[in-house]
Amino acid sequence: MEWFANKWAIIDQLWPFLLQGLWTTFMVSIIAIFFGSTLGFTLGIFKTLQIRPLEKIINGYLHILRGSPYLVQLYIIYFVLPALDVEWLKFDSFTAAVVSLSLYTSSYVTEIVASAIFAVPTGQTEASRSVGMSKAQAYRYVILPQALKMTIPPMASVYVIVIKSTAVLSVIGIAELTRQGEVAIMRMPGDIMFIYSLIAVFYFVYCYPVLRFSKWAETRFGSVGVDLE
Amino acid sequence: MKDVMIKIDKVCKTYHLKSRPDPIRALDNVTNQIDRGEVVVIIGPSGSGKSTLLRSLNGLQDIDSGSIFIDGVSLTDKKTNLNLLRTQVGMVFQNFNLYQHKTALENIVLPQTVVLKRSRAEAEEIANDLLKKVGIPELGGNYPTMLSGGQQQRVAIARSLAMNPKVMLFDEATSALDPETVGGVLELMHGLAADGMTMAVVTHEMGFAREAADRMIFMDAGAIVEENTPDAFFDNPQSERAKDFLRQIL
């Protein structure tokens with residue numbers, strides 16, 4: 001009984017503090033997911049247009065971003081770029097966090113979108129072009145609607161990875177959930193185990209609905225050509 | 001004087017595949033013409049270039065040299081609006097290629113509203129009429145996965161017809177169908193031919209060729225080896241290659 005009272009006191013004392021961290025985590029991840037997805041969708045579509053030089057550039061971009069740890073990318077953007085003495089590259093920590101996480105997100109989204117477009121059978125393109133649709137019309141009305149449905153499950157996984165990656169941002173002083181937890185632990189070092197578990201629960205509360213939503217969206221929109229009504 | 005619908009002039013196409021050391025000569029200086037209202041059936045062994053020829057007739061396959069004219073408009077001229085020209089050359093595929101995310105009716109409506117800018121109401125009316133014409137008026141609400149191959153091919157034909165094409169191309173349109181649905185689709189094609197549609201048909205259905213074709217073209221190794229009326233071709237083939245081919249399939 002006393003144990004519960006003790007832990008409850010910790011929760012009671014920390015929750016506004018951790019909630020603030022969750023809010024920052026939420027803000028940073030939502031902004032990064034928005035910009036990262038927008039950039040990723042655009043690059044993903046461009047990657048499939050079969051324009052050789054463009055494809056090479058995009059592939060280079062993807063290799064750099066996917067072939068290096070996110071922590072290193074964050075350090076480069078926050079510590080190295082400002083040293084170049086270019087005014088608009090002198091990011092504050094929040095901007096650096098959002099920019100680096102957006103780029104990181106975009107690299108995964110690009111691959112997902114491009115693979116989904118490639119996975120739509122060529123017959124669909126031919127059937128669109130043969131009735132006189134332009135390439136753009138074929139993309140808009142036939143290819144993309146089918147491809148986007150296929151992106152739902154992998155996209156949800158990436159979003160959850162991005163949400164969890166925000167924990168890394170604690171190293172540049174962003175007061176997100178993990179950082180807030182670490183600060184709390186400094187105040188109550190005896191309860192390190194309990195506080196970390198509490199942090200994990202907060203992350204779970206955010207990530208679980210994302211995955212549930214994806215499951216729902218997958219059955220709702222995912223199965224191409226099946227009327228569920 | 002005959003009214004020429006499709007003019008094919010010295011068309012060449014060579015494929016360079018990484019997997020094969022030698023380039024493949026798919027079309028070797030092919031020259032021919034198809035008159036308005038004529039039904040031409042193209043046959044030949046696989047790899048003879050018949051599909052390549054058919055696909056080049058609406059620009060799905062680009063050619064290396066030569067020229068193709070559809071009703072007097074050059075398909076190979078860079079100034080030609082290829083998208084507009086394609087609306088006039090309907091194509092029916094072996095694998096139907098219905099838009100998987102659209103119902104049968106929507107498959108027929110979409111190209112009309114997007115390409116021809118018809119109103120939705122008008123496009124739907126036309127689509128319903130065409131579904132009736134191809135014999136499946138009650139299936140407009142079904143998605144392609146819920147239709148049999150034969151039904152899907154009927155929708156695909158209706159989708160092409162909705163564009164009011166001057167020419168219809170059939171690329172082995174019945175090859176992927178169950179035997180019992182082949183007849184219905186061939187009947188439909190026969191009906192189109194009887195209505196005066198200009199048609200180029202690549203098929204293995206020799207019965208259909210004999211009944212519906214005005215002219216047979218036999219291709220081998222990228223070239224037209226022989227052409228004749230169906231009766232003359234089947235009863236009395238001239239070339240050794242055609243004799244061989246007919247012996248094997250009949």
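Anything mentioned here points back to the structure above.
A few points on the structure. (Residues numbered from 1 in each chain as written. Chains lettered and ligands numbered in written order. Predicted model: local features only at pLDDT ≥ 70, side-chain atom pairs only at ≥ 80, totals over all residues. Heavy atoms only, no water.)

## A look at the interface of chain A and chain B
The criterion, for reference: For this analysis, residues touch if any pair of their heavy atoms sits within 4.5 Å. A pairing counts as a salt bridge when a side-chain nitrogen of Lys or Arg comes within 4 Å of a carboxyl oxygen of Asp or Glu. A run of H or I in DSSP becomes a helix once it reaches four residues, and a run of E becomes a strand once it reaches two; helices and strands are each numbered from the N terminus. Any residue outside Ala, Val, Leu, Ile, Met, Phe, Trp, Tyr, Cys, Pro, Asp, Glu, Lys and Arg is labelled polar, Gly included; the first ten of those are nonpolar and the last four are charged.
Taken together, the 20 residues of chain A in the interface contact 25 residues of chain B. If you look at where chain A meets chain B, you find one salt bridge. With a closest N to O distance of 2.7 Å, Glu 126 of chain A and Arg 55 of chain B form a salt bridge. Where the side of chain A that touches chain B is concerned, the elements lending two or more residues are helix H5 (122-130) and helix H6 (135-165) of chain A. The element that contributes the greatest number of residues to the side of chain A that touches chain B is H5 of chain A, accounting for seven residues. Counted by class, the side of chain A that touches chain B contains seven nonpolar, nine polar and four charged residues.

## Here we look at the pattern of salt bridges
All names here are of chain B. The following threshold applies: Relative accessibility decides the category of a residue: with a 1.4 Å probe and only protein chains considered, values under 20% of the type maximum give buried, values over 50% give exposed, and everything between is partly exposed.
Throughout the structure, instances matching the rule amount to 22 salt bridges over all chains. For Glu 38, the salt bridge goes to Arg 215, with nearest N and O atoms at 2.8 Å. Taken together, the residues Glu 38 in the loop between strand E2 (24-35) and strand E3 (39-43) and Arg 215 in strand E9 (residues 215-220) connect sequence positions 177 residues apart. Since its relative accessible area comes to 13%, Glu 38 is described here as buried. The exposure class assigned to Arg 215 is buried, which follows from its relative accessible area of 14%. For Asp 231, the salt bridge is made with Arg 210, and the minimal N-O distance between the two is 3.7 Å.

## Observations concerning the sheet that holds E2 of chain B
Residues and elements named next belong to chain B. Stated formally: Strands are treated as partners if at least two bridges between them are detected by DSSP.
Ordered by their spatial adjacency, four strands build an open sheet running E2-E1-E4-E5, and the pairing between neighbours is antiparallel. Each edge of the sheet is formed by a strand with only one pairing partner; in this case those strands are E2 and strand E5 (73-74). Looking at chain direction, strand E4 (residues 65-70) and E5 are connected through two bridges and run antiparallel. Considered in E5, the bridge of Phe 69 is made with Ser 74.

## Overview of the sheet that holds strand E8 (residues 198-202) of chain B
Residue and element names in this part refer to chain B. Rules: Axis angles are defined between N-to-C directions and span 0 to 180 degrees, where every axis is a line fitted to C-alpha atoms and, for a helix, only to the segment in contact.
Pairing is mixed across the open sheet formed by six strands, whose spatial order is E6-E7-E8-E3-E9-E10. Bordering the open sheet on either side are strand E6 (89-92) and strand E10 (223-228), each of which pairs with just one other strand. Averaged over all pairs of adjacent strands, the angle between strand axes in this sheet comes to 20°, irrespective of strand direction. As paired strands, E6 and strand E7 (residues 167-171) are joined by four bridges and run parallel to one another. From the neighbouring strand, Val 92 faces E7, where its bridge partner is Phe 170. Along the sheet face, helix H6 (residues 179-194) touches E3, E7 and E8 and points at about 150° away from the line of E8.

## Concerning the pairing of E10 of chain B
Side-chain positions along a regular strand alternate between the two faces of the sheet. Of the strand pairs in this sheet, E9 of chain B and E10 of chain B are connected by five bridges, and their pairing is antiparallel. Paired with Asp 220 of chain B across the bridge in E10 of chain B is Ala 223 of chain B.

## Here we look at unusual backbone geometry
Residue and element names in this part refer to chain B. Of note in the backbone geometry, Asn 29 takes a positive phi value of approximately 55° without being a glycine. Structurally, the position occupied by Asn 29 is in strand E2. For Asn 29, a relative accessible area of 46% gives the class partly exposed. For Ala 221, which is not glycine, the phi torsion reads 50° and is therefore positive. Inspection of the secondary structure puts Ala 221 in the loop between E9 and E10.

## Some details on the packing of H5 of chain A against H6 of chain A
Residues and elements named next belong to chain A. We apply this condition: If you view the pair so one helix is near and one far, a crossing is left-handed when the near helix is turned anticlockwise from the far one by less than a right angle, and right-handed when it is turned clockwise.
The geometry of H5 relative to H6 is characterised by a closest axis approach of 9 Å and an angle of 145° between their N-to-C directions. Note on packing geometry: the crossing formed by H5 with H6 is right-handed. Along the contact surface, H5 presents Gln 124, Thr 125, Ser 128 and Arg 129, while H6 presents Lys 135, Ala 138, Val 142, Ile 143 and Gln 146. Considering only residue class, the contact of H5 with H6 consists of three nonpolar, four polar and two charged.

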